[in-house]
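Here's the letter readout for the chains.
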Amino acid sequence: MLAEWEKLAREAAARNQAYDAYLLQLTELEVAARSANAIAARIRAAGFPALKDFDTFDFTATPNLAKQKVLELTRGEWIDQHFNCCLLGGSGTGKTHVAIALGLALCRLGKRVKFLTAAKLVTLLEVAQQQHRLDRLLATRDRFDLLAVDELGYLSFSRAGAELLFQVFADRYERRSLLITSNLPFGEWGQVFQGERMTAALLDRLTHQCHIFEMNGESYRFRESMKTKKDKDSKKGKSA
Ligand code: ADP
Ligand code: MG
């Protein structure tokens, strides 16, 4: 309001605008600025590794992925219902891209999102436990409406690490949403959460109310690099 009142007042005077209309305009500007700042702050707090949106995501490249169902999740009802979401598929199939785009959409809706890799989360939990501040860390995690855990399955954890991760997942059950991406099908999660019993208990909770997307297919990264290579080769061919 401080930045804009003089300019708007001049314009209002020139247009013979009523005072209440001027005040409304000024207030609307302030409200819009505040809401934009709040969105930017939530996006910063989420800690996305990059900012990727659905406008740069090519759904035709992933025919197995139901576009309408994915876009429906940007409306955020699943967060209010404490549902989870799992994106499963091989490397380069767009899991991280979709996870970030969903997270961004939810930040814009006013949801609090935290995005991190499974390895990072386990390290944070282990360090917090060593320093006797695990409860505090869990409490701060709890403030987020969505905890997005990327890349579950690339690294396996120690038994203690797996138990800590299990604790976080189980704790959110039916209270707060989780978004998990993994290169492993559920049947192979035993490799990450050593022990059949813990894996079964975890999957039971995670998938109880869950939107599951299988994104298998060719790696987008791989396809793109092959395309670039072909382009280069064909240019070489022409000039030869
Ligand atoms: P994953 O997490 O499954 O390994 P990423 O989401 O990191 O895959 O995707 C790898 C790269 O390819 C990223 O740069 C991503 O933006 C891009 N990408 C993947 N799938 C698509 C797609 N369908 N449309 C546009 N870009 C894509
Ligand atoms: Mg990824």
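This text goes with the structure placed above it.
Please read these numbers as outputs of a predicted model, since none were measured by experiment. (Residues numbered from 1 in each chain as written. Chains lettered and ligands numbered in written order. Predicted model: local features only at pLDDT ≥ 70, side-chain atom pairs only at ≥ 80, totals over all residues. Heavy atoms only, no water.)

Draft legend 1. How the structure looks around the packing of helix H8 (residues 159-172) against helix H9 (residues 196-206). Axis separation between H8 and H9 bottoms out at 10 Å; the angle between their running directions is 25°. Judged on the interaxial angle alone, H9 and H8 are roughly parallel. Crossing hand, H8 versus H9: left-handed. Contact residues: H8 offers Arg159, Ala162, Glu163, Phe166, Phe169 and Ala170, while H9 offers Met198, Ala201, Leu202 and Arg205. (Axes fitted to C-alpha atoms, helices over the stretch in contact; angles between N-to-C directions. Helix = DSSP H or I, 4+ residues; strand = E, 2+ residues; numbered from the N terminus. Parallel < 35°, antiparallel > 145°, perpendicular 65-115°, else oblique. Left-handed = near helix turned anticlockwise from the far one by under 90°. Contact = heavy atoms within 4.5 Å.)

Draft legend 2. Fine view of the nonpolar core. With 32 residues, the main nonpolar core has Leu125, Leu152, Leu165, Phe169, Ile180, Trp189 and Phe193 as its most contacted residues. Phe193 has contacts with Leu152, Ala162, Leu165, Phe166, Phe169, Met198, Thr199 and Leu202, leaving out every residue within four places of it along the chain. Residues Leu65, Leu102, Leu104 and Leu146 belong to the second largest nonpolar core, which totals 28 residues. (Core = buried A, V, L, I, M, F, W, Y, C linked by side-chain atoms within 4.5 Å. Buried < 20%, exposed > 50% of the residue type's maximum accessible area, 1.4 Å probe, protein only.)

Draft legend 3. Local environment of the site of ligand 1. Taken together, 15 residues sit near ligand 1, with Asp58, Gly92, Lys95, Thr96 and His97 positioned nearest. A distance of 2.7 Å separates an oxygen atom of ligand 1 from a polar atom in the side chain of Lys95. In isolation ligand 1 exposes 560 Å². Once the protein is present, 86% of that is buried. The set of elements that each furnish at least two residues to the shell around ligand 1 consists of helix H5 (95-108) and helix H10 (220-239). With three residues, H5 is the largest single contributor of residues to the shell around ligand 1. (Near = heavy atom within 4 Å. Polar contact = N/O pair within 3.5 Å; in protein donor to acceptor, adjacent residues only side chain to side chain. Areas by Shrake-Rupley, 256 points an atom, 1.4 Å probe, with all protein chains shown as cover.)

Draft legend 4. Quick look at the pairing of strand E2 (residues 113-117). Counting buried residues in E2 gives four out of five residues, a clear majority hidden from the surface. Alignment of E2 against strand E3 (residues 146-152), held across five bridges, turns out to be parallel. Counterpart to Leu116 in the pairing with E3 is Val149. (Pairing = 2+ DSSP bridges.)

Draft legend 5. Structural context of the environment of Ala33. With respect to the helices, strands and loops of the structure, Ala33 is situated in helix H2 (residues 19-46). Under the relative-accessibility criterion, Ala33 is labelled partly exposed at 38%.

Draft legend 6. How the structure looks around the packing of helix H6 (residues 118-130) against H8. Between H6 and H8, the shortest axis-to-axis distance is 9 Å and the interhelical angle comes to 100°. Classified by the angle their axes make, H6 and H8 are roughly perpendicular. Residues Leu121, Val122, Leu125, Glu126 and Gln129 of H6 touch H8, and the partners they reach there are Gly161, Leu164, Leu165 and Val168. Per-class residue counts for the contact of H6 with H8 are six nonpolar, two polar and one charged. (Nonpolar A, V, L, I, M, F, W, Y, C, P; charged D, E, K, R; others polar.)

Draft legend 7. Looking closely at H6. The end-to-end C-alpha distance of H6 is 18 Å, a good match for the 18 Å that 13 residues give at a rise of 1.5 Å each. Of the residues making up H6, those classed as buried are Ala118, Leu121, Val122, Leu125 and Ala128. Each buried residue of H6 lies within a common arc of 130° when the element is viewed along its axis, so the set occupies one face. The elements touched by buried residues of H6 are E2, helix H7 (134-142), E3 and H8. The first or second residue beyond H6 is His132, which carries a positive phi of 55°. (Expected span 1.5 Å × (residues − 1). Arc of directions from axis to C-beta.)

Draft legend 8. Examining H7 more closely. Regarding H7, the residues found buried are Leu134, Leu137, Leu138 and Arg141. The buried residues of H7 occupy one face: seen down the axis, they fall within an arc of 100°. Summarising the geometry of H7, the exposed residues directed more than 90 degrees from the buried face are Asp135 and Arg136. In the core, the buried residues of H7 are packed alongside E2, H6, E3 and H8.

Draft legend 9. Representation of the environment of Ser182. The residue Ser182 is located in strand E4 (residues 177-182) in this model. Taking the C-alpha atoms as reference points, Ser182 and Gly90, 92 residues apart in sequence, are found 8.0 Å from one another. Those residues within four positions of Ser182 in sequence are excluded, and the remaining contacts are Leu87, Leu88, Gly89, Lys95, Leu152, Gly153 and Trp189. Polar contacts involving the side chain of Ser182 include one to the main-chain carbonyl oxygen of Leu152, which spans 2.6 Å.

Draft legend 10. Spotlight on the side chain of Lys95. Within the fold, Lys95 resides in helix H5. A polar contact of 3.0 Å, which involves the side chain of Lys95, links it to the backbone oxygen of Gly89. At a separation of 2.7 Å, a polar atom in the side chain of Lys95 contacts the main-chain carbonyl oxygen of Gly90. Sequence-distant contacts of Lys95, that is, excluding residues within four places in its chain, are made with Leu87, Leu88, Gly89, Gly90, Tyr154, Thr181, Ser182, Asn183 and Met215.

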